[in-house]
Amino acid sequence: MMDLFNSVLNWVAPPATLVMLACSWPALAFLNTCEWLYTSFYSENMEDKVVLITGASSGIGEQIAYEYAKKKANLVLIARRENRLRGISEKARLIGAKHVMIMAADVVKEDDCRRFVNETINLFGRVDHLVNTASLGHTFYLEEVTDSSVFPHLLDINFWGNVYPTFVALPYLHQSNGRIVVNAAVENWLPLPRMSLYAAAKAAVINFYESLRFELNGDIGITLATHGWIGSEMGRGKFRVDEGAEMQWIEEREVPAGGGPVEEYAKMIVDGACRGNNYVKFPSWYDIFLLYRVFAPRVLNWTFRFLLASHTGRRMSLVGTGRNLIEGSPPRKLLTGSGPPSPGPLQMQKFE
């Protein structure tokens, strides 16, 4: 009986849902417009409030720091590269930040997270906004990888790098009725090649915070920000793990963090968080792909296969370079051990 019931719903539920959405769309659009008008007139005053930003040494995290500085907030900037934070803190003060504290820490270590949250409370006595932006992307096909030791690092930074700061800061965010701001990506639900682990980690992050939203029951706000393909504007580099050493970010070149879509996206995040928005999407038209994924997944798959058809003949690649390997050449070692990196190392993008 249950099998028959599920079979009927499999045929009836999808078209019925589409019809219901089409009929309710005008009413939903009206309600969304009213909500937008209401939030447009309300914005949290961040002057003298305390904003803790992880991954603040470059890219989105850096730009978010400047946006909060314009609102005269007190900033706590966290990243592994303290030398980068010094210059950013000075610029933030010039822009308008009341006080800026910087600290080198690793967000995948709970003890480090506890340390910088406790230091923030000792200095300012409160945390109003926790902004998690530390992230690490990649551009490799899974079958290219010859050393899988990079996998835990990717998942640690993209998932636990959000969970640990949140877990430690929750008691203080309860006291201030504060807000958690999360930098995610459209890949959390939109399938893209060469980003399998990154997409999986971002999907885990989104589901973690959506569940946490219900647990907190409105006591602490959560703003989930998702962006499209703007990673090339944020930073580029090579990722290396040395035996017995911490992760190393080997800079190929410093990419300016300001200007273009990154700056616009950061402004949208901060404005949305101050208005109390649950979601910030840049750009919002990516949502149409979600409808295709739910109701017409084959169309989405066919589209991506068509767009990627020119690459189907390539089995291996120099990761991140787009150059073909010489036919018949052995696979390169993509992740180095101790010593200098080998030719064609594993390419990563760090979105801090």
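Residues numbered from 1 in each chain as written. Predicted model: local features only at pLDDT ≥ 70, side-chain atom pairs only at ≥ 80, totals over all residues. Heavy atoms only, no water.

Comments concerning helix 6 (residues 196–216)
An α-helical turn contains 3.6 residues, so any two residues separated by three or four positions project in the same direction.
Next, step 1: Taking 1.5 Å per residue, 21 residues should reach 30 Å; helix 6 reaches 30 Å between its end C-alpha atoms and fits that length.
Next, step 2: Regarding helix 6, the residues found buried are Leu197, Tyr198, Ala199, Ala201, Lys202, Ala203, Val205, Ile206, Tyr209, Leu212, Arg213 and Leu216.
Next, step 3: If you follow the buried residues of helix 6, they end up packed against strand 4 (129–132), strand 5 (136–138), helix 5 (150–176), strand 6 (179–183), strand 7 (221–227) and strand 10 (279–282).
Next, step 4: One or two positions beyond helix 6, positive phi appears at Asn217, with a value near 55°. (Helix = DSSP H or I, 4+ residues; strand = E, 2+ residues; numbered from the N terminus. Expected span 1.5 Å × (residues − 1). Buried < 20%, exposed > 50% of the residue type's maximum accessible area, 1.4 Å probe, protein only. Contact = heavy atoms within 4.5 Å.)

As for the layout of surface pockets
Next, step 1: Here the largest pocket is characterised by a volume of approximately 1200 Å³.
Next, step 2: If you go around the largest pocket, you meet 38 residues; those closest to its centre are Tyr279, Val280, Lys281, Ser284 and Asp287.
Next, step 3: Residue assignment for the lining of the largest pocket shows that the elements contributing at least two residues are helix 1 (2–41), helix 6, strand 7, helix 7 (260–275), strand 10 and helix 8 (287–295).
Next, step 4: With nine residues, the single largest contributor to the lining of the largest pocket is helix 1. (1 Å grid on protein atoms, 1.4 Å probe; cavity = no way out; pocket = protein on both sides within 12 Å on 5 of 7 lines; lining within 4 Å. Points joined across faces, edges and corners; volume = space filled by probe spheres on them.)

Re a nonpolar patch on the surface
Next, step 1: There is a patch of nonpolar side chains on the surface, built from Leu18, Leu21, Trp25, Leu28, Phe30, Leu31 and Leu291 and spanning about 720 Å² of accessible area.
Next, step 2: Here the nonpolar patch takes six residues from helix 1, the largest share from any one element.
Next, step 3: Turning to its location among the elements, Leu18 is positioned in helix 1. (Patch = residues over 30% accessible without salt bridge, like charges linked within 9 Å, V, L, I, M, F, W, Y side chains within 5 Å. Areas by Shrake-Rupley, 256 points an atom, 1.4 Å probe, with all protein chains shown as cover. Salt bridge = Lys/Arg side-chain N within 4 Å of Asp/Glu carboxyl O.)

What to know about the packing of aromatic side chains
Next, step 1: Within this structure, the stated rule accounts for five aromatic pairs.
Next, step 2: Relative to Tyr164, the ring of Trp160 has its centre 5.3 Å away and its plane inclined at 25°; by these criteria the two rings are stacked. Of this pair, Trp160 and Tyr164 are both found in helix 5, four residues apart, which corresponds to roughly one turn of the helix.
Next, step 3: Looking at Trp160, the relative accessible area reads 35%, which means it is partly exposed.
Next, step 4: Looking at Tyr164, the relative accessible area reads 22%, which means it is partly exposed.
Next, step 5: Through a chain of ring-to-ring contacts, three or more aromatic side chains come together here, namely Phe159, Trp160, Tyr164, Phe208 and Tyr209.
Next, step 6: Seen from the ring of Tyr279, Arg213 lies directly overhead, with NZ or CZ sitting 5.1 Å from the centre.
Next, step 7: Just above the ring of Tyr279 sits the side chain of Lys281; from NZ or CZ to the centre is 5.9 Å. (Phe/Tyr/Trp six-rings, centres within 6.5 Å; stacked < 30°, edge-to-face > 60°. Lys NZ or Arg CZ within 6 Å of the ring centre and 35° of its normal.)

Some thoughts on the sheet that holds strand 1 (residues 50–54)
Next, step 1: If you walk across this open sheet you meet the seven strands as 3-2-1-4-6-7-10, and the pairing is parallel. The sheet terminates laterally at strand 3 (100–104) and strand 10, the two strands that pair on one side only. Between one strand axis and the next, the sheet turns through 15° on average, direction left out of account.
Next, step 2: Docked against the sheet, helix 2 (residues 59–70) engages strand 1, strand 2 (74–79), strand 4, strand 6 and strand 7, running at close to 170° with respect to strand 1.
Next, step 3: Along the sheet, helix 6 contacts strand 4, strand 6, strand 7 and strand 10; its crossing angle with strand 7, the most-contacted strand, is approximately 160°. (Pairing = 2+ DSSP bridges. Axes fitted to C-alpha atoms, helices over the stretch in contact; angles between N-to-C directions.)

Here's the deal with the environment of Glu90
Next, step 1: For Glu90, the position within the fold is in helix 3 (residues 82–95).
Next, step 2: A relative accessible area of 45% places Glu90 in the partly exposed class.
Next, step 3: The spacing of Glu90 and Val100 is 10 residues in sequence and 8.3 Å in space, taken between C-alpha atoms.
Next, step 4: In terms of polar contacts, Glu90 uses its side chain to reach the side chain of Arg93, at 2.9 Å. (Polar contact = N/O pair within 3.5 Å; in protein donor to acceptor, adjacent residues only side chain to side chain.)

Some remarks on the environment of Ala201
Next, step 1: Within the secondary structure layout, Ala201 lies in helix 6.
Next, step 2: Considered as a pair, Ala201 and Ser135 are 66 residues apart in the sequence and their alpha carbons are 9.8 Å apart.
Next, step 3: Setting aside residues no more than four positions away along its own chain, Ala201 makes contact with Leu155, Asn158 and Phe159.

Topic: the pairing of strand 2
Next, step 1: Counting buried residues in strand 2 gives six out of six residues, a clear majority hidden from the surface.
Next, step 2: The alternating pattern of strand 2 places Asn74, Val76 and Ile78 on one face and Leu75, Leu77 and Ala79 on the opposite face, and all of these are buried.
Next, step 3: With five bridges connecting them, strand 1 and strand 2 associate as parallel partners. Looking at the pairing, Ile53 lines up with Leu77 of strand 2.
Next, step 4: In this fold, the crossover linking strand 1 to strand 2 by way of helix 2 has right-handed handedness.
Next, step 5: Bridging between strand 2 and strand 3 involves five bridges; their strand directions are parallel. Bridged to Leu77 within strand 3 is Ile102.
Next, step 6: Taken together, strand 2, helix 3 and strand 3 form a β-α-β motif whose crossover is right-handed. (Right-handed = clockwise from strand over helix to strand, strands pointing away.)

Quick notes on helix 5
Next, step 1: For helix 5, with 27 residues, the first-to-last C-alpha span of 38 Å sits near the 39 Å given by 1.5 Å per residue.
Next, step 2: Along helix 5, the helix axis deviates most sharply at Leu170, where the bend reaches about 55°; the proline Pro171 sits within four residues downstream.
Next, step 3: Two residues or fewer past helix 5, Asn177 is found with a positive phi of approximately 50°. (Bend = angle between axes of the 7 residues up to and from the residue.)

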